[in-house]
Amino acid sequence: MKLVVGEQTDVGRAREEPNEDDKLVDDRMGLFAVADGMGGHQGGEVASSTAMEALRAAVAAGAPIRDAISRANEAVIERAAGDDRLRGMGTTMTAATLAAGGTLLIGHVGDSRAYLARDGTFTQITEDHSLVEEMVRGGELTAEQAEVHPQRNIVTRALGIEPAVAVELYPIELRNGDRVLLCSDGLTSMIRPDAIAAILRQETDPQAAAEKLVDAANAAGGQDNITVVVLDVVEGDPGPVAATRAADAAVVEPAAAPEAEVGAPSDEGGPTPRRERRRRFRGAGRVGRILLWVLPVVLVIALGFGAVGWYARRTYYVTIDDQRVTVFKGVPGGLLGWDPTLEQRTTLRANDLTEAERSDLDDEKRFSSREKAEDFVAVLRGKVRDREAESATTTTLPVPTAPPAAP
Ligand code: MN
């Protein structure tokens, strides 16, 4: 088994040079990668190329892919620390190494992607570290909404942001005929997966397929830099790859257990990526720095809103509504959208009340519990009843009545 590679990168139709994406194809080492840099003042371009160089050097030195990507992370941080204009730059990294035994091991950080085309199916291997993807996983957005979400290009994890980066690993047991696509979001934000799959089905030559994918993204608008690497698995001698990639064999073997799911992150042979992800706060990336302060602000607003809601909903008031003495739950007029709700419409009519009692209720009598509101109503009812009894007594007294007016 060996890999035949096609590759293409393009600045797109909407961006100025330089192209902030970078790609790496090294057949001899069995190393293939795409990186999508971000940051002002050439920062994006510097971040992606710095990461690629460090990745290549680390893999050449025998590092497993996870360590090599960590090394790339450190390299971007070091480079930014030496130049004020590069501060805050970062890059995605989706890198594949062909390890011993015909396993392709993909290390991944950010929102570039790896896909597998196999037997007519087309499967996304990597999970995006992006705001919208997290919202989709949390059930806040559908996949369709995510595709058009205005913040779909915000990444939540990238190289160059924090000294430690959680690298996701995805092993794929390659079979002859498989085609693996690595791409930056300049491709996937422009054309849908089914369109990508169709091009990969139609174009058998990997280089022609890579070029057609980039052409299609440009035809759809080319809003971003576009980078694709197409890896075809064919029969043949892989050369010295197996020996050089022994470093990843330790990671691959446990995950390559029977029925290992394609695309499932490796849960063995090192820190578990999923658990790592949950432990760590994911604040980094393109506009990720904004998330770092937006999230606390949102939290404070949510807490404040909750507190107001709690206050608004635990209060009761009594007033005249629809000519009846009525108990409401909530705050008169509502508070931040917490509208009062009618709790009880009593049989006491406004007409039964004295002028003083009515004006008292017009101002809304507030209570901290329903019992207290009901006590108030009971007292009011008592007064009304007393007055009725009084007036009933009064009416039994002989009352002089005026004689009917004579016509
Ligand atoms: Mn991009």
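Predicted model only: the values in this text are computed from it and were never measured.

Enquirer: Can you walk me through the packing of helix H1 (residues 43-60) against helix H2 (residues 65-81) in this structure?
Expert: Two numbers describe a pair of packed helices, the interaxial angle and the distance between the axes. The contact between H1 and H2 brings their axes to 8 Å, and the two run at 140 degrees. Relative to H2, H1 is oriented oblique. The handedness of the crossing between H1 and H2 is right-handed. Residue-level inspection shows Val46, Ala47, Thr50, Ala51, Ala54, Leu55, Ala58 and Val59 of H1 in contact with H2, the latter providing Ile65, Ala68, Ile69, Arg71, Ala72, Ala75, Val76 and Arg79. When the residues that make up the contact of H1 with H2 are grouped by side-chain class, the tally is 13 nonpolar, one polar and two charged.

Enquirer: Which parts of the structure should I look at to understand the sheet that holds strand E15 (residues 365-367)?
Expert: In a beta sheet, neighbouring strands pair by backbone hydrogen bonds and run either parallel or antiparallel. Taken together, the four strands give an open sheet; going across it, the order is E14-E13-E12-E15, and neighbouring strands pair in antiparallel fashion. In this open sheet, the two strands that pair with only one neighbour each are strand E14 (341-349) and E15. Pairwise comparison of adjacent strand axes, ignoring direction, gives a mean angle of 25 degrees for this sheet. Here strand E12 (residues 316-321) runs beside E15; their pairing, made up of three bridges, is antiparallel.

Enquirer: Would you mind showing me how to read the pairing of strand E13 (residues 324-329) here?
Expert: Within a regular beta strand, the side chains point alternately toward one face of the sheet and then the other, so they alternate between its two faces. Relative to E13, E12 runs antiparallel, the two being bridged by six bridges. The partner of Val318 across the bridge, within E13, is Val327. Between the end of E12 and the start of E13, which pair antiparallel, lie two residues, with Asp322 showing a positive phi angle near 55 degrees.

Enquirer: Can you walk me through the sheet that holds strand E11 (residues 226-234) in this structure?
Expert: Strand order across the open sheet formed by five strands is E1-E11-E10-E7-E8, with antiparallel pairing between neighbours. A single partner strand is all that each edge strand has here, and the edge strands are strand E1 (2-10) and strand E8 (121-124). With strand direction ignored, the average angle separating the axes of adjacent strands in the sheet is 15 degrees. Taken strand by strand, helix H6 (residues 193-202) contacts strand E7 (113-118), E8, strand E10 (179-183) and E11, and its axis lies near 130 degrees from that of E8. The strands that helix H7 (residues 206-219) touches are E1, E10 and E11; relative to E1, the one it contacts most, it runs at about 25 degrees.

Enquirer: Whenever I open this one, the environment of Val327 confuses me. Can you help?
Expert: Inspection of the secondary structure assignment puts Val327 in strand E13. For Val327, a relative accessible area of 1% translates into the label buried. Taking the C-alpha atoms as reference points, Val327 and Leu342, 15 residues apart in sequence, are found 6.3 Å from one another. What Val327 contacts, discounting residues up to four positions off in sequence, is Tyr316, Tyr317, Val318, Thr341, Leu342, Glu343, Gln344, Ala373 and Val377.

Enquirer: Just checking my understanding: could you explain the packing of aromatic side chains for this structure?
Expert: Pairs of aromatic rings are described using the distance from one ring centre to the other and the angle between the two planes. Within this structure, the stated rule accounts for three aromatic pairs. The interplanar angle of 15 degrees and the centroid separation of 5.3 Å between the aromatic rings of Tyr317 and Phe328 together place this pair among those described as stacked. With Tyr317 in strand E12 and Phe328 in strand E13, the pair connects residues that are 11 residues apart, well separated along the chain. For Phe328, a relative accessible area of 11% gives the class buried. Ring centres of Phe367 and Phe376 lie 5.3 Å apart, and the angle between their planes is 40 degrees; this geometry places the pair in the tilted category.

Enquirer: Sorry if this is basic, but what is going on with the pattern of salt bridges here?
Expert: Here the idea is simple: oppositely charged side chains can pair when their charged atoms come close. Evaluation of the coordinates by the stated rule reveals 24 salt bridges. Put simply, Asp321 and Arg345 hold a salt bridge, and the shortest N to O gap is 2.4 Å. With Asp321 in strand E12 and Arg345 in strand E14, the pair connects residues that are 24 residues apart, well separated along the chain. Judged by relative accessible area, which is 27%, Asp321 ranks as partly exposed. One salt bridge connects Arg387 with Glu357, and the closest N-O pair in it is separated by 2.8 Å. Residue Arg387 is found in helix H13 (residues 370-396), and its partner Glu357 is found in helix H12 (residues 355-362); the two are separated by 30 residues along the sequence. Under the relative-accessibility criterion, Arg387 is labelled partly exposed at 28%. Taking relative accessible area as the criterion, Glu357 reaches 11% and is therefore assigned buried. If you follow the salt bridges from partner to partner, you end up with Arg71, Glu74 and Glu78 in one network.

Rules used throughout
- Residues numbered from 1 in each chain as written.
- Predicted model: local features only at pLDDT ≥ 70, side-chain atom pairs only at ≥ 80, totals over all residues.
- Heavy atoms only, no water.
- Axes fitted to C-alpha atoms, helices over the stretch in contact; angles between N-to-C directions.
- Helix = DSSP H or I, 4+ residues; strand = E, 2+ residues; numbered from the N terminus.
- Parallel < 35°, antiparallel > 145°, perpendicular 65-115°, else oblique.
- Left-handed = near helix turned anticlockwise from the far one by under 90°.
- Contact = heavy atoms within 4.5 Å.
- Nonpolar A, V, L, I, M, F, W, Y, C, P; charged D, E, K, R; others polar.
- Pairing = 2+ DSSP bridges.
- Buried < 20%, exposed > 50% of the residue type's maximum accessible area, 1.4 Å probe, protein only.
- Phe/Tyr/Trp six-rings, centres within 6.5 Å; stacked < 30°, edge-to-face > 60°.
- Salt bridge = Lys/Arg side-chain N within 4 Å of Asp/Glu carboxyl O.

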